[in-house]
Amino acid sequence: MLRVIRSLHPPLGYISPYRPSLSACRSRNFFVRTMAEQAGPTPAGSHKDPITGELISKSELKRREKQREKEAKKAAAPPPPPAGKASAAAANDGEAEEEALSPSQYFELRSRQIQKLRQTRNPDPYPHKFHVSQSVSSYVEQYGKEGVLENGGRLPDVTVSLAGRLHNMRSSGQKLRFYDLHGEGTKVQIMAQAQDSPSVDEFLSTHSLFRRGDIVGVTGFPARTKKGELSICPTKIILLAPNLHQLPKEHFGLKDQEQRYRKRYLDLILSDDTRRIFVTRSRIVNYIRKFFDGLGFLEVETPMMNMIAGGATAKPFVTHHNDLKLDLFLRIAPELFLKELVVGGLDRVYEIGRVFRNEGIDLTHNPEFSICEFYMAYADMYDLMEITESLITGMVNYLTGGNVLKYHPEGKEPKIVDGKEVPPKEYLLDFTRPWKRYDMIETLEEKLGVKFPPGDQLGTPETNKFLSDLCEKHNVDCSAPRTTARLLDKLVGEFIEPLCISPSFIVGHPQIMSPLAKYHRSRPGLCERFEGFMCGKEFCNAYTELNDPFDQRDRFEEQIRQKDAGDDEAQGIDETYVNALEHGLPPTGGWGIGIDRLVMFLTDSQNIKEVLLFPAMKPETPVTVPQVNPA
């Protein structure tokens, strides 16, 4: 916390009273000390400091107000009038020295300036409205075309109003200023000249208010500099929302990755790449929605809170409903509800939404994530493979104009190895149809050089020991409980998933791994299921749905036995769903895709946090969560 000890004194030459420069402050021995140097930590309280926004004690607030009143009296002398080039140089020096301030010093100084404007309303730093006649991107598209404006040309009879955020600021003498105005991912130069302003004094006073990061409104006319840069020459420019904090330099950007995720707004301000990722994400979701709408699917919404965590194998989050006096689970999948709708006669349904799984956080997992699931009556897994290939290949073509993408699994930056620069590892993803298909058991037999037990014996204790020995022999780690399904999953992750660089399907899953999938029509012990992989990671999962209520109950009961054995991810019995099956579910194909992971691969992002606007983060300081007593 900062305490101003000495007052400001205006420099020689003109400087706006709303923006004292650091050199001016230093000319009267201005300096800043922390409160810790004088009185230890500031006591907590319930009175808000109008300058810093902190909650402090009443006595501390009075002490600060008294000190500030004293400083204000010492700084009451008005600044001298403009003095030609000397004042412009002083202004530039002041801006440079402001950039050298610490973040807290800058915030304190800038807050004082804006508080002054809030009091005088000359001008109001937070106006209610500014009429925008055109977006920055539209302006660049319209007037940036060849032949519309010649180098050095102006269109003074055309009036446009733009708004955006100021980035780079430059000046050339006292009466000419340049700014980069950013908006909608595009930028245009503001070329402000005193000759286009009502008076020189108003020009100087107005432009003394602006800092990098401020949001401004500009009314003026199109022009192009002699060097050919498209610009807008303002006849009026006003402050719409000041930035009270230092904006990192564009050349260096926001390098702290953790801060990029915690302060996504700042990341979006500074990084065009970040903006591009989330624009692409929106286009992907929009494409999925249009694709299924075009196939006659109906988009629906299902509950987020359930009494049973079903529809997938995952550990759920638990919440409490006070009025019902009932613990509920946040959904891990919408699957069972969607299939109940198919029972009800909605033959083609899909949902795009969030699901929640109380699992680890890593480069490809986030506790809450977005999925799309669809269910299609009278379809099977083979129909769904065709739909998956059509959807994803068409999407890649829509986004890129081709069927091949590059992906850098270890990052895009080159590495230094033994003093030499090594190019980053690169995958070439080919989405051309048809995709490669790997049979799970056959591929494992080929890679491990062993013969697996028949499919109808995969659920026996002998098979469990066989798989456990294989994992130990090949140093494949599998934590308890070492169920047959988990052991198989670990072997697949070690020996098959790394083969799936370009999009591929893994098929031939044992029934014990898929409690909701229908048994295979020609291979006993297996089920009709496939998983889509690319870059060695799963991105979709689908199967011919189990619609036999007797078989479904048996599988749910097996899941209960696995849960009792210590598998937290096993499902329980959903009696409502079984009852729905007893009314008749037509032969149905069901499919789900992880949107976040798909966006990762299609935007060449290596961390799932890069494609989530607000990813899950550990708190910067320990947080005590209050306990809610059930009503």
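Residues numbered from 1 in each chain as written. Predicted model: local features only at pLDDT ≥ 70, side-chain atom pairs only at ≥ 80, totals over all residues. Heavy atoms only, no water.

## Some points on the overall build of the chain
Cut-off, in case you're wondering: Secondary structure counts use DSSP, requiring at least four H or I residues in a row for a helix and at least two E residues in a row for a strand, with both numbered from the N terminus. When a residue's accessible area, from a 1.4 Å probe over protein chains only, is under 20% of the maximum for its type it is buried; when over 50% it is exposed; and in between it is partly exposed. Should any heavy atoms of two residues lie within 4.5 Å, those residues are considered in contact. Each accessible area is a Shrake-Rupley estimate made with a 1.4 Å probe; only the visible protein chains count as cover when residues are assessed.
The number of helices and strands found in the chain is 18 helices and 24 strands. For the chain, the proportion of its 631 residues judged to be buried stands at 48%. A fraction of 66% describes how many contacts in the chain between residues 6 or more apart in sequence connect residues 24 or more apart. Accessible surface, the chain: about 31,800 Å² in total, of which carbon and sulfur atoms supply 52%.

## A short note on the pattern of salt bridges
Test applied: When a carboxyl oxygen of Asp or Glu is within 4 Å of a side-chain nitrogen of Lys or Arg, the pair counts as a salt bridge.
Inspection of the entire model under this criterion finds 32 salt bridges. Among the ionic pairs, E545 bridges to K339, the shortest N-O distance being 2.6 Å. Of this pair, E545 sits in the loop between strand 23 (537-544) and helix 16 (549-564) while K339 is found in helix 11 (residues 335-343), placing the two residues 206 residues apart along the sequence. Judged by its relative accessible area of 1%, E545 falls in the buried class. Residue R523 pairs with D439 through a salt bridge whose shortest N-O separation is 2.6 Å. Of this pair, R523 sits in the loop between strand 21 (504-507) and strand 22 (529-534) while D439 is found in strand 20 (residues 436-439), placing the two residues 84 residues apart along the sequence.

## Overview of the pairing of strand 8 (residues 215-224)
The condition is simple: Any two strands with at least two DSSP bridges between them are considered paired.
A large share of strand 8 lies buried, amounting to 9 of its 10 residues. Where strand 5 (residues 160-171) lies against strand 8, 6 bridges are found, and the strand directions are antiparallel. Across the sheet, R165 pairs through a bridge with I215, a residue of strand 8. Bridge count between strand 8 and strand 9 (residues 230-241): 10 bridges; the pairing is antiparallel. Across the sheet, the residue bridging to T219 is K236, located in strand 9. What sits between strand 8 and strand 9 in their antiparallel hairpin is a turn of 5 residues, with G228 showing a positive phi close to 100°.

## Some thoughts on the packing of helix 11 against helix 17 (residues 575-582)
Operational definition: Axes here refer to lines fitted to C-alpha atoms; in helices the fit is confined to the stretch in contact. Angles between the N-to-C directions go from 0 to 180 degrees. For classification, angles of less than 35 degrees are called roughly parallel, those exceeding 145 degrees roughly antiparallel, those between 65 and 115 degrees roughly perpendicular, and all remaining angles oblique. It is the rotation of the near helix from the far one that decides the hand of a crossing: anticlockwise by less than a right angle makes it left-handed, clockwise makes it right-handed. In this classification, Asp, Glu, Lys and Arg are treated as charged, Ala, Val, Leu, Ile, Met, Phe, Trp, Tyr, Cys and Pro as nonpolar, and every other residue, Gly included, as polar.
Their axes nearest at 10 Å, the elements helix 11 and helix 17 cross at an angle of 25°. The angle between helix 11 and helix 17 places the two elements in the roughly parallel class. In this structure, the crossing between helix 11 and helix 17 has a hand that is left-handed. For the pair helix 11 and helix 17, contact is made by L336, K339, E340 and V343 and by T576, Y577 and A580, respectively. Its residues assigned to classes, the contact of helix 11 with helix 17 comprises 4 nonpolar, 1 polar and 2 charged.

## Topic: the sheet that holds strand 23
Strands belonging to one sheet form pairs held by backbone hydrogen bonds; the direction of such a pair is parallel or antiparallel. Spatial strand order, 10-14-15-24-23-22-21-20: 8 strands in an open sheet with mixed pairing. The open sheet is flanked by strand 10 (298-299) and strand 20, the only strands paired with a single partner. When strand 15 (residues 368-377) meets strand 24 (residues 588-594), the two strands line up antiparallel, connected through 7 bridges. Residue F374 lies in a different strand from strand 24, and its bridge partner there is W591. Of the strands in this sheet, strand 20 and strand 21 touch helix 13 (residues 440-448), which is tilted by about 75° from strand 20. The strands touched by helix 18 (residues 595-602) within the sheet are strand 14 (348-356), strand 15, strand 22, strand 23 and strand 24, with strand 24 carrying the most contacts at an inclination of about 60°.

## With respect to the nonpolar core
For the record, the criterion: Here, nonpolar core means buried Ala, Val, Leu, Ile, Met, Phe, Trp, Tyr and Cys residues that are tied together by side-chain atoms lying within 4.5 Å of each other.
Ranked by size, the top nonpolar core spans 48 residues in total, and within it F292, F530 and W591 carry the most contacts. The greatest single-element share of this core, amounting to 9 residues, is contributed by helix 12 (residues 381-400). Setting aside chain neighbours within four positions, we find F530 in contact with M381, L384, M385, T388, F505, I506, V507, H509, C540, N541, A542 and W591. Ranked by size, the runner-up nonpolar core spans 25 residues in total, among them V136, Y143, L162 and L181.

## Re the packing of aromatic side chains
The condition that has to hold: The aromatic pairing rule takes the rings of Phe, Tyr and Trp, using the six-membered ring of Trp, and pairs them if the centres are within 6.5 Å, calling planes under 30 degrees apart stacked, those over 60 edge-to-face and the rest tilted. Sitting over a ring, as applied to charges here, requires NZ of Lys or CZ of Arg to be within 6 Å of the ring centre and within 35 degrees of the ring normal.
Tallying each qualifying case throughout the model produces 16 aromatic pairs. Between Y139 and Y143, the aromatic rings sit 5.1 Å apart at their centres with planes inclined by 50°, giving tilted as the arrangement. Placement of the pair is Y139 and Y143 together in helix 6 (residues 136-143), with a separation of 4 residues, close to one helical turn. Of the two residues, Y139 and Y143, both sit in the buried class. These aromatic residues form a ring-pair network of at least three members: F291, F292, F297, Y350, F374 and W591. Positioned above the aromatic ring of Y398, the side-chain terminus of R283 is 4.8 Å from the ring centre. A cation over a ring is seen here: K436 above Y438, with NZ or CZ 5.3 Å from the ring centre.

## Quick word on the sheet that holds strand 9
One closed barrel accounts for 5 strands, arranged 5-6-7-9-8; its pairing is mixed. The average angle at which neighbouring strand axes cross in this sheet is 55°, direction not considered. Relative to strand 6 (residues 176-183), strand 5 runs antiparallel, the two sharing 5 bridges. Bridge assignment links S171 to a residue of strand 6, and that residue is R177. Those strands touched by helix 7 (residues 200-207) are strand 6, strand 7 (186-193) and strand 9, and its axis lies near 45° from that of strand 6.

## Section: the pairing of strand 19 (residues 427-430)
Burial along strand 19 is one-sided: Y427 and L429 are buried, while L428 and D430, pointing the other way, are not. Where strand 16 (residues 404-407) meets strand 19, 4 bridges bridge the pair, whose relative direction is antiparallel. Pairing of K406 across the sheet is with L428, part of strand 19.

## As for helix 7
Our working rule: Summarising the geometry, the arc corresponds to the directions from the helix axis toward the C-beta atoms.
Of the residues making up helix 7, those classed as buried are F203, L204, T206 and H207. Along the axis of helix 7, the buried residues cluster in a sector spanning 165°; they form a single face. Of the surrounding elements, those touching the buried residues of helix 7 are strand 6, strand 7 and strand 9.

## Some remarks on the environment of D383
By secondary structure assignment, the location of D383 is in helix 12. A sequence separation of 206 residues divides D383 from G589, and the C-alpha atoms of the two residues are 7.9 Å apart.

## Things to note about helix 12
The line we're drawing: Expected helix span is given by 1.5 Å per residue-to-residue step, counting one fewer step than there are residues. Here a polar contact means two N or O atoms within 3.5 Å. Within protein one must be a hydrogen donor candidate and the other an acceptor candidate, and residues neighboring in sequence count only if both atoms are side-chain atoms.
The first and last C-alpha atoms of helix 12 sit 28 Å apart over 20 residues, in line with the 28 Å expected at 1.5 Å per residue. If you check which residues of helix 12 are buried, you get M381, L384, M385, I387, T388, E389, L391, I392, T393, M395, V396 and L399. One side-chain oxygen of the residue at the start of helix 12 lies 3.1 Å from the amide nitrogen of Y382, identifying that residue as D380. Once helix 12 finishes, G401 follows within two positions and takes phi at roughly 85°, a positive value.

## Observations concerning the environment of I371
Looking at the secondary structure, you find I371 in strand 15. Along the backbone, I371 and I595 are 224 residues apart, and their C-alpha atoms lie at a distance of 5.3 Å. For I371, the contacting residues outside a window of four places in its chain are P334, E351, I352, G353, V355, I593, G594 and I595.

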